[in-house]
Amino acid sequence: MTWNVKTGGYDWHGDRLTAIAAVIARERPDLLALQELRNFGRHGGRRMTALADAVGMTPRLARSPLGQPVAMLVRPPLEIVRSASFGWRLHHAAAAVTVRTRVGLLTMVSAHLNPFSPPRRRREAIWLAHRFNPGKGAVLIAGDLNGLDPGTDHTAMLAGLPGTHRRRHAGADGVVDTRAVAAFSEAGLVDLWRAAGRGEPLTVPTTRGGGKEFSRMRLDYVFAAPQLASLATDVHVVRGDETEYASDHYPLRADLAI
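Scope of this entry: the structure provided in the associated data block. (Residues numbered from 1 in each chain as written. Predicted model: local features only at pLDDT ≥ 70, side-chain atom pairs only at ≥ 80, totals over all residues. Heavy atoms only, no water.)

Before going further, it helps to spend a moment on the overall build of the protein chain. Each helix and strand in the protein chain was counted, giving 8 helices and 14 strands. In terms of overall dimensions, the protein chain is globule-like: its C-alpha atoms have a radius of gyration of 17 Å, near the 18 Å expected for 258 residues. Considered along the principal axes of its C-alpha atoms, the protein chain spans approximately 50 × 45 × 35 Å. Counting over 258 residues, the protein chain shows a buried share of 56%. (Helix = DSSP H or I, 4+ residues; strand = E, 2+ residues; numbered from the N terminus. Rg over C-alpha atoms; globule rule 2.2 N^0.38 Å. Buried < 20%, exposed > 50% of the residue type's maximum accessible area, 1.4 Å probe, protein only.)

A word on the side chain of Arg16. Among the structural elements, Arg16 can be located in the loop between β3 (14-15) and α1 (17-27). Ignoring any residue separated from it by four or fewer positions in sequence, one finds Arg16 in contact with Val5, Lys6, Thr7, Gly9, Tyr10, Asp11, Tyr245, Ala246 and Ser247. (Contact = heavy atoms within 4.5 Å.)

So, on to the packing of aromatic side chains. Counted under the stated rule, the structure contains 4 aromatic pairs. Summarising the aromatic geometry, the rings of Phe184 and Phe223 are spaced 5.2 Å apart at their centres and angled 25° between planes, so their arrangement reads as stacked. Of this pair, Phe184 sits in helix α6 (residues 179-186) while Phe223 sits in strand β12 (residues 220-224), placing them 39 residues apart in sequence. Classification of Phe184 by relative accessible area gives buried; the value is 0%. Taking NZ or CZ as reference, Arg38 lies 4.8 Å from the ring centre of Tyr10, over its face. In this structure, Arg131 packs its charged tip against the face of Phe132, placed 4.9 Å from the ring centre. (Phe/Tyr/Trp six-rings, centres within 6.5 Å; stacked < 30°, edge-to-face > 60°. Lys NZ or Arg CZ within 6 Å of the ring centre and 35° of its normal.)

A few words now on the nonpolar core. Grouped together as the largest cluster of nonpolar side chains are 28 residues, with contacts concentrated most on Leu31, Met72, Leu106, Met108, Leu140, Leu192 and Val235. Not counting the four nearest positions on each side in its chain, Leu192 is found in contact with Leu140, Gly197, Val222, Ala224, Ala229, Ala232, Val235, Ala254 and Leu256. Ala94, Leu113, Ala183 and Phe223 belong to the second largest nonpolar core, which has 23 residues in total. (Core = buried A, V, L, I, M, F, W, Y, C linked by side-chain atoms within 4.5 Å.)

Now for the sheet that holds strand β11 (residues 190-191). The 6 strands lie next to each other as β7-β8-β9-β10-β12-β11, forming an open sheet whose pairing is mixed. Of all strands in the sheet, those with a lone pairing partner are β7 (80-86) and β11, marking the two edges. (Pairing = 2+ DSSP bridges.)

Once that is clear, we can look at helix α3 (residues 118-131). Structural remark: α-helix, 3.6 residues per turn; residues separated by three or four positions point the same way. Here α3 is 14 residues long and its end C-alpha atoms lie 20 Å apart, about the 20 Å a rise of 1.5 Å per residue gives. Of the positions making up α3, those classed as buried are Pro118, Arg121, Glu124, Ala125, Trp127, Leu128 and Ala129. Of the surrounding secondary structure, the elements contacted by the buried residues of α3 are β7, β8 (94-101), β9 (104-112), β10 (138-144) and α6. Where α3 begins, the capping side chain belongs to Ser117, and its oxygen is found 3.2 Å from the backbone nitrogen of Arg120. (Expected span 1.5 Å × (residues − 1). Polar contact = N/O pair within 3.5 Å; in protein donor to acceptor, adjacent residues only side chain to side chain.)

Two elements in contact, α1 and helix α2 (residues 46-55), have axes whose closest approach is 9 Å; the angle formed by their N-to-C orientations is 35°. For α1 against α2, the interelement crossing comes out right-handed. Along its contact with α1, which presents Leu17, Ile20, Ala21, Ile24 and Ala25, the element α2 presents Arg47, Leu51, Ala54 and Val55. For the contact of α1 with α2, the class distribution of residues is 8 nonpolar, no polar and 1 charged. (Axes fitted to C-alpha atoms, helices over the stretch in contact; angles between N-to-C directions. Left-handed = near helix turned anticlockwise from the far one by under 90°. Nonpolar A, V, L, I, M, F, W, Y, C, P; charged D, E, K, R; others polar.)

Turning our eyes to something else, we now look at unusual backbone geometry. Look at the link from Pro76 to Pro77: it is a cis peptide, with omega at 15°. By secondary structure assignment, the location of Pro77 is in the loop between β6 (70-74) and β7. In this structure, the amide linkage connecting Val204 to the following residue, Pro205, adopts the cis form with an omega of -15°. Within the secondary structure layout, Pro205 lies in the loop between α7 (192-196) and β12. Look at Glu36: it is not a glycine, yet its phi comes out positive at around 65°. By the secondary structure assignment, Glu36 is in the loop between β4 (31-35) and α2. Of the residues examined, Glu36 reaches a relative accessible area of 13% and is grouped as buried. Its identity is not glycine, yet Asp241 carries a phi of approximately 50°, on the positive side. Topologically, Asp241 is positioned in the loop between β13 (232-237) and β14 (252-256).

The following block contains the structure:
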């Protein structure tokens with residue numbers, strides 16, 4: 001599962017960590033990618049530890065020198081064989097963990113790409129797709145990629161955005177820029193929504209969590225190496241209950257038969 005929890009789970013409305021934990025506990029993901037973990041690395045990582053303990057998972061946090069941290073969380077009995085964090089090539093960060101499964105070693109990456117600049121977002125995507133090339137093994141790249149998917153007509157959706165926010169997804173000529181998301185497919189990764197998605201794929205905004213900078217759009221993805229994509233049984237956006245206010249993004253859940 002992947003979820004952008006919006007500014008570390010708190011803002012002027014109050015602390016949303018309890019609601020976030022409730023959703024995670026109910027969905028019980030084995031592997032969880034979280035983004036936008038503001039202040040999760042401060043005070044000895046107390047907030048990261050509190051959330052991980054509440055949901056019974058082992059965390060690996062990746063700090064960001066410019067943006068906000070991200071994390072990967074793993075549910076026992078899965079054990080982390082190795083982990084890595086990346087911040088200097090990305091506006092936010094990426095966290096990677098490798099675990100041992102019945103189909104062998106699996107690496108999952110939590111990523112949060114540049115929200116403002118399509119060219120910079122594309123460069124980040126190309127680097128990530130190369131660093132975690134599916135030819136190197138079983139890999140999942142999940143997160144808030146902040147980009148629109150190729151193959152979808154986004155004209156009407158972008159028309160509803162003010163100019164400052166429309167420029168996050170279009171070039172100077174007004175043409176929609178989907179190259180960042182396309183970079184993952186071009187590297188041989190499979191968009192799991194295309195493989196096993198059901199329902200509506202739009203992940204922002206939620207009904208009560210804010211997100212005025214969004215139109216109804218899909219910004220959150222799980223990409224997989226082909227050998228994993230063939231094992232996907234269900235992919236859907238988690239809606240309802242606390243998800244409507246716990247963040248401005250909905251969680252995206254992918255089930256794989258591994």
